[in-house]
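In case you want the letters, here they are:
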Amino acid sequence: MAGTMPHAIFIETDADGAGGFAAYAAELPGCAVFAGTDEEAASAMPRRAERFCAWLREAGEEVPG
């Protein structure tokens with residue numbers, strides 16, 4: 001996976017009850033990705049977290065470090 005993230009990423013298997021995978025950052029409640037493989041989920045998280053943090057900033061919310 002390219003790049004680094006300041007947040008720990010957690011991967012859950014069968015998160016959707018259909019064999020899919022979920023990746024999420026515990027420090028960013030509501031920031032998650034669902035995908036068909038664990039690699040796809042993990043690879044999508046840096047971009048998702050970046051967009052999620054931008055959304056928080058635009059809304060005037062504090063962004064966890």
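Above this note sits the structure.
Residues numbered from 1 in each chain as written. Predicted model: local features only at pLDDT ≥ 70, side-chain atom pairs only at ≥ 80, totals over all residues. Heavy atoms only, no water.

I keep staring at the overall build of the protein chain and nothing clicks. Help me out?
Counting secondary structure elements, the protein chain contains one helix and three strands. Shown N-terminal to C-terminal, the secondary structure of the protein chain runs as helices and strands in the order β-β-β-α. Seen through its C-alpha atoms, the protein chain measures out along the principal axes to roughly 35 × 25 × 15 Å. Per-residue burial for the protein chain yields a buried fraction of 26% across its 65 residues. Taking the contacts inside the protein chain whose residues are at least 6 apart along the sequence as the reference set, 20% of them involve residues at least 24 apart. Taken together, the 4 basic and 11 acidic charged side chains of the protein chain have centroids lying 11 Å from each other. (Helix = DSSP H or I, 4+ residues; strand = E, 2+ residues; numbered from the N terminus. Buried < 20%, exposed > 50% of the residue type's maximum accessible area, 1.4 Å probe, protein only. Contact = heavy atoms within 4.5 Å. Lys, Arg positive; Asp, Glu negative; His and termini not counted. Charge placed at Lys NZ, Arg CZ, Asp CG, Glu CD.)

Mind showing me how you'd approach helix α1 (residues 38-58) here?
Structurally, the α-helix is built with 3.6 residues per turn, so residues lying three or four positions apart point the same way. With 21 residues, α1 extends 30 Å between its outermost C-alpha atoms, agreeing within 8% with the 30 Å of an ideal straight helix rising 1.5 Å per residue. If you look at α1, its biggest bend is around 35°, right at Met-45, and the proline Pro-46 turns up within four residues after that. Buried residues belonging to α1 abut β1 (10-13), β2 (21-24) and β3 (32-35). One or two steps after α1, the chain reaches Gly-60, where phi turns positive at roughly 80°. (Expected span 1.5 Å × (residues − 1). Bend = angle between axes of the 7 residues up to and from the residue.)

These results come straight from atomic positions and should not be treated as a statement about function.
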